[in-house]
Amino acid sequence: MDLANNIKTIREKQNLMQKEVALHIGVDKSTYSKIEKGLRELTVSELSKMAKLFNLTTDQIINYNENIIPKEIVIEDKSTLEQMELIQQLDEEDKSTVFKIIDKMLTNKKFKDFVKQNVAL
């Protein structure tokens with residue numbers, strides 16, 4: 001598939017209308033229609049905005065294959081910013097669970113630090 005077809009396929013799979021994607025990337029609907037038809041090139045900025053909307057990477061859009069199973073994401077290999085972006089992609093319940101786990105771990109660390117500083121061994 002070419003990029004134009006990839007974009008159209010992804011948009012349709014996500015039940016988005018052309019005008020929704022056009023608004024998100026900052027072009028009018030007729031310009032967006034030309035992008036999907038392959039009559040207009042996509043700017044890097046537009047592709048980046050589209051990737052965020054589709055919850056995909058730009059590489060996943062460019063090389064889109066709906067039959068490829070997504071690879072496992074290892075959060076430890078990511079920068080702090082990338083980790084936060086991945087967490088923000090979770091649904092609200094999962095996000096809440098992640099933050100509760102982090103809160104619990106931070107509380108445990110503070111308690112251990114307090115005990116270490118205030119209890120003579």
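Residues numbered from 1 in each chain as written. Predicted model: local features only at pLDDT ≥ 70, side-chain atom pairs only at ≥ 80, totals over all residues. Heavy atoms only, no water.

Draft legend 1. Quick peek at unusual backbone geometry. One non-glycine residue, N15, adopts positive backbone phi at about 55°. Structurally, N15 can be placed in the loop between α1 (3-13) and α2 (18-25). The phi dihedral of N55 is positive, around 60°, even though this residue is not glycine. Summarising the element assignment, N55 is placed in the loop between α4 (44-54) and α5 (58-62). (Helix = DSSP H or I, 4+ residues; strand = E, 2+ residues; numbered from the N terminus.)

Draft legend 2. Structural detail: the pattern of salt bridges. Taken as a whole and assessed by the stated rule, the structure comprises five salt bridges. A salt bridge links E36 to R11; its shortest N-O distance comes to 2.4 Å. Residue E36 is located in helix α3 (residues 29-37), and its partner R11 is located in helix α1; the two are separated by 25 residues in the primary sequence. Taking relative accessible area as the criterion, R11 reaches 9% and is therefore assigned buried. Salt bridges sharing common partners tie together R11, E12 and E36. (Salt bridge = Lys/Arg side-chain N within 4 Å of Asp/Glu carboxyl O. Buried < 20%, exposed > 50% of the residue type's maximum accessible area, 1.4 Å probe, protein only.)

Draft legend 3. The side chain of K95, seen in detail. With respect to the helices and strands, the residue K95 is situated in helix α7 (residues 92-118). We classify K95 as buried; its relative accessible area is 11%. Within the structure, K95 has its side chain in polar contact with the side chain of Q88 (distance 3.4 Å). Setting aside residues no more than four positions away along its own chain, K95 makes contact with I87, Q88 and L90. (Polar contact = N/O pair within 3.5 Å; in protein donor to acceptor, adjacent residues only side chain to side chain. Contact = heavy atoms within 4.5 Å.)

Draft legend 4. Summary view of the UniProt feature "domain: HTH cro/C1-type" (unreviewed entry) in the protein chain. Under the local residue numbering, the UniProt record ascribes the feature "domain: HTH cro/C1-type" (unreviewed entry) to residues 7-61. When the span residues 7-61 is considered, its composition is 71% helix and 0% strand, and the gap between its end C-alpha atoms is 7 Å. (UniProt positions renumbered as here; feature names shortened; annotations may be inferred.)

Draft legend 5. Examining α4 more closely. Buried residues of α4: E46, L47, M50, A51 and F54, and no others. Taken end-on, α4 shows its buried residues confined to a sector of 140°, consistent with a single buried face. Across α4 from its buried face, at more than 90 degrees, point the exposed residues V44 and K52. The elements touched by buried residues of α4 are α1, α2, α3 and α5. A positive backbone phi angle near 60° is found at N55, which sits one or two residues after α4. (Arc of directions from axis to C-beta.)

Draft legend 6. The arrangement of the side chain of E46 in detail. Residue placement: E46 occurs in helix α4. For E46, a relative accessible area of 7% puts it in the buried group. At a separation of 3.0 Å, a polar atom in the side chain of E46 contacts the main-chain amide nitrogen of T43. What E46 contacts, discounting residues up to four positions off in sequence, is I25, V27, I35, R40 and E41.

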